[in-house]
Structure formats: C-alpha cells, structure tokens
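An overview of the molecular structure
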Amino acid sequence: PVEVFDLVIFGGTGDLARRKILPGLYRRFLAGQLPEGMRIIGAARTDFDDAGYRSFVNDAICEFVKPSKHDKERIKEFVENIHYLAVDAMGESGWTELAALMRPGVIRAFYFSVAPRLFGPLAERLHEYEIADADSRIVVEKPFGRDLETAKALNGVLAESFDEHQIYRIDHYLGKETVQNLMAVRFGNVLFEPLWNSQYVDHIQITVAESVGVGGRGSYYDKSGAIRDMVQNHLMQLLCLIAMEPPSDFEPDAVRDEKLKVIRALDPVDQADIVRGQYRGDDDVASYLEDAENEDSTTESFIAMKLGISNWRWKGTPIYLRTGKRLRDRTSEIAVVFKDPPHSIFGPQEGRRGNVLVIRLQPNEGMNLRVTIKEPGPGGMRLIEVPLDMSFAEALADGDDIPDAYERLIMDVMRGNQTLFMRGDEVEAAWAWTDPIIEAWEKARTKPVPYDAGSSGPDDSLMLLHRDGRRWREIK
Ligand code: BG6
C-alpha cells in the first residue's frame, strides 16, 4: 500500500469523478493498495452530507466497476473512508472547514477535476487558507490552457502557490498500460533500439480512432477541435515516447527532459500536410454540426497530419498522425513501419511488405510484430508475412484486469512520482508547436472536409500517405 493520504477531489460530484476517479480508487482498494486510515474527501458546491456522498460513490461503483467486483461488504468498507464537504471554489465558504479537516503527517493531495477556469482560484485558496503544506500535491486535469499564452498564465498562477514538484498535470494516455509498455519495449530489449532510427524506420503511424461522436460535450468540443482535444496532448505524448532518446534512468526529469527535446525538434507543419475533417450524420447518428449545435462550425472532428522531426535520429522519417470521432471503430495504435531489406535474394516478391511493429493501445492491448517467413509447402521459396502476436490480456495471469489509466496515475501521485505527468515546460512547448497551425487555419478561414460517420475519415487523409507511396493501416 501507499502511505496514508487525504485525497480531496474538487469536482467530486462531476462526471470524471463518477466514471474514473472513484471507481479507480475502489479497484485499487480491492487490490489492497490503499492504506488503512486514508480518506477521500469529495468537495463540490452540492449540499451533500457524508452519507449522501457515500451513496453517490456506491452508485458510481455499481455503474462503472465490473459486476464481478460488486461485493457489498467491500464497497461498504471502502465508502467508510469517504467524506464530503461543500466548498465554493470561487467564494469563501467551506475553506476554513477544509483546513480544519487536514491532518498533520498525512499526505495531502488535491485533485482539480473541475472546469479549467477554477484551477487558479483553487490553487490560491489552498495556499491562502494554509490547507496545502510543502509536501502537498495538486492534480490538474486537461485542458491545460488553450494556447501558449493561456498555458503560460496558468503555469504562472499555479507557481505562485505550488512548486513544480507538487504539480501533477494529467494526461491520462500516459497512464495506459500499453503506453508505459512502449518504454519497456524500447529500453528493456536490445532488439529494437539499434533499428529505431531513420536508417531502418520507413515511417511511423499513430492512430487514435474513436467511434463515438461529440454529442453531449459539443459546446466544449466545438471550441477545441481534434487538435486541442487530442493532438496537443495525447498524440503528442505518444509521439514523444516513440521518438525520444533513451533517458539515463527512469527518474521523472530524466524522462521529461527527453520528451521535451522531441517536441522542440518538431518541424513546423506545412498546411499541405494537414487534413481536417468533420463527420456527416446518417439515419442513425447526428452530424457533427448537429452534435455541436452550431450549423456554421468549422471545427474539425478529425485530423490527419504528416510531421517531421529534425534531429539525428529521425530526420527523413515521416510520422503520420490521425485522430477523429465517429470513425469506423475504436482503435488506437502506433505502428513502426520498417524499411525493406536492402536486397531481395529471393527475387521480386509481389505485394510483400516490410516488418511492422504495432503497439496496440486499445482495444485488446498488446503488441504485434510482423515478420517474413517462407510459405510452408513445396511451392518454392515464396515469402509470406506472419504476425508474432502478443495480447497482454492473454499473457497476464489476470489479464482482463489491466488497470485503468487513472488508477495508475492516482497511485503515482500518492507515491510522489511525476514520471507519467507533464511538466510545465512540456505543455508550453506542445502549445508553441500547435499555435501556428491553428493560427494559419484561422487566418485562411479553412474549412474541414466532410466524411461519413463510420468511415476511416476523409479520402484526403488517405492521399496524405498515397502521395508518398504509403498507406494507412486499416482502422478495425
Ligand atoms: C479525452 C478527450 O481527453 O480523451 C476525449 O477529451 C476523448 O474527446 C478521450 O474521447 C479519449 O480517451 P480514451 O482513453 O477513451 O482513448
């Protein structure tokens, strides 16, 4: 178990708390990782008492944790650690009471699961009312700003009350098991790293495809679009882990220094290397414009782009990113496509493709390495490709119990380990790279191209690779 803690969840009655944070804590409790004497304190404006909030937490667990884990007794034991306090983030009510609740010698963590405009006021009040001590941690959700300027301002406000080592900026993609595995595969094996460069890697594809639309979150999403919602954070983090140099150890700053260098080495993106799309509706699903409730919206729900990294390792190896809503399937994967062998001693081999290492994030987390072998049988030396497939669920004893990203990240907060959290300068560098892209669209008033719901995105995004003699892996 981790050390005894008090975790205050601001926005304790919100959607993220209900879906992810509270169920995640319960699963860690079942795993025996939460210490005796810990407290989880929900804080929001709603007028709950402890009993009311406990029943809210009970319902959240029943809804979002697998029924096989619904042991009434265990849930009851868990919710005994739960408390509630009505606190007004923008006002003064509740803060003195919160200060009085704090215990000396216990780790204090404050989770900001609230609208971004409240991040600053919360940090200030925690400081002002002396609720946070020098070892306290704050956990800040995305979006972290909407451009470089706002991200800098937010970093500035947080820095007035907290040191960088106390600030845990969440990007939940970093908590995904396979994403961490990416580092294990790269730096725990001798096989891949010597080939991990532009001499051997033809290109890299990063796909985060979702089948859901933006219905229900339309008003937030319409101001963000895929670039702010996904690319600036999640895809950028995946790119960093794929492309970074080996850090000298697994210490937070060693890893984050290397990630930062990748972002800083990214080339500015040419507008001709970007495709933006917006989904149409059909008989079953609403269009983006309907979901966003904005018939004139020019926000993209899909983006594909080609990137270059100007450093010794990657110069000349393009990285193709794509992400979008209402696509054919929910598939997230990174594919490292290797170059062909320099010479084929077996003569021309129709349709043969090279080695590909696929790291699947979801669903069916796992890895798959495509290798070439001889087609079995007497038909001569014909080559075929077969996958060396590894599904984590099958490989692990209790495979269907791969922890959710939030579980891992919350435990890391308690352990005081920032490796899987973004440092302030990383976030700023990512915005510094994204801002000019968005500014160029705004200046040219470009519009996204429509694509069918349930498709692989606009045809133009296929062209992005076709014109380079490559093709996307299928979304399935
Ligand atoms: C969130 C985005 O950060 O990540 C959502 O705001 C997106 O738009 C989600 O759907 C995807 O997360 P996951 O873990 O389901 O891939």
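Residues numbered from 1 in each chain as written. Predicted model: local features only at pLDDT ≥ 70, side-chain atom pairs only at ≥ 80, totals over all residues. Heavy atoms only, no water.

**Side note on the environment of Thr298**
Relative to the helices and strands, Thr298 is located in the loop between helix H11 (288-291) and strand S9 (302-307). Excluding its chain neighbours within four sequence positions, the residues that come into contact with Thr298 are Arg276, Gln278, Thr446, Lys447 and Pro448. (Helix = DSSP H or I, 4+ residues; strand = E, 2+ residues; numbered from the N terminus. Contact = heavy atoms within 4.5 Å.)

**So, the UniProt feature "binding site: substrate" (unreviewed entry) in the protein**
Under the UniProt annotation, "binding site: substrate" (unreviewed entry) lies at His172, Lys176, Glu210, Asp229 and Lys325. With respect to the helices, strands and loops of the structure, His172 is situated in the loop between strand S6 (167-169) and helix H7 (177-188). Leave out the neighbours within four places in its chain, and His172 touches His234, Ala405, Tyr406 and Leu409. Positionally, Lys325 belongs in the loop between strand S10 (319-324) and strand S11 (331-338). Under the relative-accessibility criterion, Lys325 is labelled buried at 4%. The residues contacting Lys325, other than those within four sequence positions of it, are Glu210, Val212, Gly213, Val214, Arg217, Tyr221, Asp229, Tyr279, Ser301 and Tyr451. (UniProt positions renumbered as here; feature names shortened; annotations may be inferred. Buried < 20%, exposed > 50% of the residue type's maximum accessible area, 1.4 Å probe, protein only.)

**Brief notes about the site of the ligand**
Around the ligand lies a shell formed by Lys142, His172, Tyr173, Lys176, Glu210, Arg217, Asp229, Met230, His234, Lys325, Arg330 and Gln362. His172 has a polar side-chain atom sitting 2.8 Å from an oxygen atom of the ligand. Considering every element that reaches the shell around the ligand, the biggest residue donor is helix H9 (residues 225-243), with 3 residues. Among the residues making up the shell around the ligand, the classes are represented as 2 nonpolar, 3 polar and 7 charged. (Near = heavy atom within 4 Å. Polar contact = N/O pair within 3.5 Å; in protein donor to acceptor, adjacent residues only side chain to side chain. Nonpolar A, V, L, I, M, F, W, Y, C, P; charged D, E, K, R; others polar.)

**As for the nonpolar core**
If you look at the biggest cluster of nonpolar residues, it comprises 140 residues, and the most contacted ones within it are Phe10, Leu25, Phe78, Phe110, Phe112, Leu126 and Met305. Considering each element in turn, this core owes the most residues, 12 residues, to H9. Apart from residues lying up to four places away in sequence, Phe112 is in contact with Phe10, Phe119, Leu122, Ala123, Leu126, Ile138, Val139, Val140 and Glu141. (Core = buried A, V, L, I, M, F, W, Y, C linked by side-chain atoms within 4.5 Å.)

**Quick notes on the pattern of salt bridges**
Counted by the stated rule, this structure contains 36 salt bridges. When the shortest N-O distance is used, the salt bridge between Glu77 and Arg74 registers 3.6 Å. Taken together, the positions of Glu77 and Arg74, both in helix H3 (residues 72-79) and 3 residues apart, correspond to about one turn of that helix. Of the charged contacts in the structure, one is a salt bridge between Arg186 and Glu193, with a shortest N-O distance of 3.0 Å. The two residues Arg186 and Glu193 agree in class, both being buried. Residues joined by salt bridges that share partners form a network here, namely Lys142, Glu210, Arg217, Asp229 and Lys325. (Salt bridge = Lys/Arg side-chain N within 4 Å of Asp/Glu carboxyl O.)

**Quick look at the confidence of the model for the protein**
Per-residue pLDDT for the protein has a mean of 94; in total, 99% of the residues score no lower than 70. Two summary scores accompany this predicted model of the complex, namely pTM at 0.95 and ipTM at 0.99. (pLDDT = per-residue confidence, 0-100.)

**Brief notes about the sheet that holds strand S3 (residues 82-86)**
As summarised here, the arrangement of the 6 strands in space is S3-S2-S1-S4-S5-S6, forming an open sheet in which the pairing is parallel. If you trace the sheet from one side to the other, it starts and ends with S3 and S6, each paired once. Averaged over all neighbouring strand pairs, the angle between strand axes comes to 20 degrees, with direction disregarded. Across 5 bridges, the pairing between strand S1 (residues 5-10) and strand S2 (residues 39-44) is parallel. Bridge assignment links Phe10 to a residue of S2, and that residue is Ala43. Those strands touched by helix H5 (residues 119-128) are S1, strand S4 (107-112) and strand S5 (137-140), and its axis lies near 160 degrees from that of S4. (Pairing = 2+ DSSP bridges. Axes fitted to C-alpha atoms, helices over the stretch in contact; angles between N-to-C directions.)

**Details of helix H1 (residues 15-30)**
Given 3.6 residues to a turn, an α-helix orients residues that are three or four positions apart in the same direction. With 16 residues, H1 ought to run about 22 Å at 1.5 Å a step, and its terminal C-alpha atoms sit 22 Å apart, in line with that. Where H1 bends most, the angle comes to about 30 degrees, and this point is Ile21, followed within four residues by the proline Pro23. Burial in H1 covers these residues: Ala17, Ile21, Leu22, Pro23, Gly24, Leu25, Tyr26, Arg28 and Phe29. At the exit of H1 stands Gly32, carrying a positive phi of roughly 80 degrees. (Expected span 1.5 Å × (residues − 1). Bend = angle between axes of the 7 residues up to and from the residue.)

**A look at the side chain of Glu258**
Along the polypeptide, Glu258 turns up in helix H10 (residues 252-265). For Glu258, a relative accessible area of 13% gives the class buried. In terms of polar contacts, Glu258 uses its side chain to reach the side chain of Lys261, at 3.2 Å. Apart from residues lying up to four places away in sequence, Glu258 is in contact with Met244, Glu245 and Pro247.

**Here's the deal with the packing of aromatic side chains**
A full pass over the atoms with the stated rule returns 20 aromatic pairs. The interplanar angle of 25 degrees and the centroid separation of 6.1 Å between the aromatic rings of Trp95 and Tyr129 together place this pair among those described as stacked. Residue Trp95 is located in helix H4 (residues 95-101), and its partner Tyr129 is located in the loop between H5 and S5; the two are separated by 34 residues in the primary sequence. For the ring pair Tyr221 and Tyr288, a centre distance of 6.1 Å and an interplane angle of 65 degrees mean the geometry is edge-to-face. Residue Tyr221 is located in helix H8 (residues 218-222), and its partner Tyr288 is located in helix H11; the two are separated by 67 residues in the primary sequence. As far as the burial class goes, Tyr221 and Tyr288 line up, both buried. (Phe/Tyr/Trp six-rings, centres within 6.5 Å; stacked < 30°, edge-to-face > 60°.)

**Some remarks on the packing of H7 against H9**
Running from N to C, H7 and H9 cross one another at 10 degrees; their axes reach a closest spacing of 9 Å. By the angle between their axes, H7 is roughly parallel relative to H9. Residues Val179, Leu182, Met183 and Arg186 of H7 pack against Leu238, Leu241, Ile242 and Ala243 of H9. Partitioned by chemical class, the residues of the contact of H7 with H9 number 7 nonpolar, no polar and 1 charged. (Parallel < 35°, antiparallel > 145°, perpendicular 65-115°, else oblique.)

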